[in-house]
Amino acid sequence: MVESIAGIVGPPNVGKSTFFAAATLVDVKIASYPFTTIEPNVGVGYVKVKCVCKEFNVKDNPRNSVCIEGYRFVPVTLIDVAGLVPGAWKGRGLGNQFLDHVRRASVLLLVVDASGSTDAEGRKVKPGTHDPREDVKFLEKELDMWIYQMLKKDWDKVVRLVEVAKRDVREVLFNRLSGLGIKVEDIAEALRESDLEVKRIGQWTDEDITNFIRNLRGIAKPEIIVANKADLPQAEDNISLLKDEYEPKYKVIPTSAEAELALRKAAKAKLIKYIPGEKEFEIVNRDKLNERQRRALEYIRENVLEKWGSTGVQDAINTAFLEVLGMVVVFPVEDENKLTDHKGNVLPDAFLMPRGSKVIDLARKIHSELAEKFVSAIDVRTKRRLGGGYILKNRDVIKIIAGR
Ligand SMILES: Nc1nc2c(ncn2[C@@H]2O[C@H](COP(=O)(O)OP(=O)(O)OP(=O)(O)O)[C@@H](O)[C@H]2O)c(=O)[nH]1
Ligand SMILES: [Mg+2]
């Protein structure tokens, strides 16, 4: 089963850790110089969906997730890694040990500095002078080279296994690339996309290999582009350039991680009311704010929320899991009338399931025994009977019926 992990990758000093801290409220080191982060940070962020509690008019008791004013926040894992610089795959910067953390991720958030105030090495430059499109290019190249070196090591052996030992090409490539955390089906799909299904592997050119890798990366580690520091005036033009260049192939999401972090901290301190991802906040008690805080909040309202519609942080996480990976949030219940589990908790769980998951997969996720004794299921919304093969939709509420 796909794990719900997003890797936050990008050049140094672009705001990866700020994004991570904003999304997880884990206190991590943030500073305006490159390579602030050395060891990766792992934390819990949330996908946000409209909870079904309002629709069913119930007061819920979430256990594995959180419900805030009718929005259900479902946990996902975020990994913030050290900055990548050109040549990282061959050990430049902090080497490629942190690329290895990318293997765990099923989707990548490619963070760039949209304000163009840091160069590819993470050094500060005059705002607006660095083109973030270059960073997307080099990041992709780094990832490709990382896969390339994995594959080229012992290439002769790979060829021999397929051509002499007559082993299945997909299986051989899969074993060779197992460190990437990919599936055999990903390999098969990449071979198809690269027109390499029938070409003998001994005759692959270097171009064939790079082509295959590029396709494989797109399938196994899909990405979105997080255009950070959107609060700075220089970001606007760059965001248009990024969108022109990369959409619709990749989603480009303007973000201000710094604004999101400030809003969430202020909300935690009960200075404001703010639901992550919303386009506005409410000041709870004006007198508790000092002049600097008041000005900062005003700045965020004007230059981030009113301009971009939100800080973009929640949008980026939602886009990665719900759109790019196509995952769905499902609410399992044991009592289809009260919407409770056996302890009486109303809508206790919200599970994030991979694209194409079936009712039987949900049963398995709840308990392996439930899958073994599966009889049928009920779509609680329509009271319709469902077979194990029913493909789950986002925000389905499901009761599983099992035999003895
Ligand atoms: N204006 C602005 N500055 C930001 C934003 N996000 C982060 N920063 C600043 O950018 C600098 C770098 O932030 P970090 O989060 O440490 O960046 P990083 O990408 O994790 O850096 P490394 O760990 O060194 O690779 C800090 O000074 C942050 O305050 C943002 O949305 N807007
Ligand atoms: Mg960092």
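Look above for the structure.
What comes next is a walk through the structure. Being a predicted model, the structure only gives us computed values, none of them experimental.

Reading the values: rules and limits
Residues numbered from 1 in each chain as written. Chains lettered and ligands numbered in written order. Predicted model: local features only at pLDDT ≥ 70, side-chain atom pairs only at ≥ 80, totals over all residues. Heavy atoms only, no water. Pairing = 2+ DSSP bridges. Helix = DSSP H or I, 4+ residues; strand = E, 2+ residues; numbered from the N terminus. Axes fitted to C-alpha atoms, helices over the stretch in contact; angles between N-to-C directions. Contact = heavy atoms within 4.5 Å. Near = heavy atom within 4 Å. Polar contact = N/O pair within 3.5 Å; in protein donor to acceptor, adjacent residues only side chain to side chain. Areas by Shrake-Rupley, 256 points an atom, 1.4 Å probe, with all protein chains shown as cover. 1 Å grid on protein atoms, 1.4 Å probe; cavity = no way out; pocket = protein on both sides within 12 Å on 5 of 7 lines; lining within 4 Å. Sits in = over half its atoms within 2 Å of the grid points. Nonpolar A, V, L, I, M, F, W, Y, C, P; charged D, E, K, R; others polar. Donors = N, O, S within 2.8 Å, 3.2 Å for Na, K, Ca; no water. Buried < 20%, exposed > 50% of the residue type's maximum accessible area, 1.4 Å probe, protein only.

Some remarks on the sheet that holds strand β14 (residues 396-402)
Overall, mixed pairing links the 5 strands, which are arranged β11-β10-β14-β12-β13 in an open sheet. Either end of the sheet is taken by a strand with one partner, and the two such strands are β11 (351-353) and β13 (384-386). Recorded for the sheet is a direction-independent mean angle of 40 degrees between the axes of neighbouring strands. In this fold helix α13 (residues 359-366) packs onto β10 (328-333), β11, β12 (374-379), β13 and β14, with an angle of close to 130 degrees to the strand it touches most, β11.

Here's the deal with the site of ligand 1
Taken together, 23 residues lie near ligand 1, and Lys 16, Thr 18, Thr 36, Asp 231 and Glu 258 sit nearest. In this structure, Phe 35 approaches ligand 1 through a main-chain N or O atom, which is 2.8 Å from an oxygen atom. Contact distances for ligand 1 include 2.9 Å between an oxygen atom and a side-chain N or O atom of Thr 37. For ligand 1, whose free accessible area comes to 660 Å², the fraction covered by protein is 92%. Among the cavities detected, the one that contains ligand 1 is the second largest pocket. Put simply, the parts of the chain that give the shell around ligand 1 at least two residues each are α1 (16-24) and α10 (257-268). When residues of the shell around ligand 1 are assigned to their parent elements, the largest contribution, 3 residues, is made by α1. Split into classes, the residues belonging to the shell around ligand 1 amount to 9 nonpolar, 10 polar and 4 charged.

Examining the coordination of the magnesium ion (ligand 2)
Distances from the magnesium ion (ligand 2) to its protein donors, namely Ser 17 (OG) and Thr 37 (OG1), fall within the range 2.0 to 2.1 Å. Within this pair, whereas Ser 17 is found in helix α1, its partner Thr 37 is found in the loop between α1 and β2 (41-50), the two being separated by 20 residues in sequence. The same class applies to Ser 17 as to Thr 37, namely buried.

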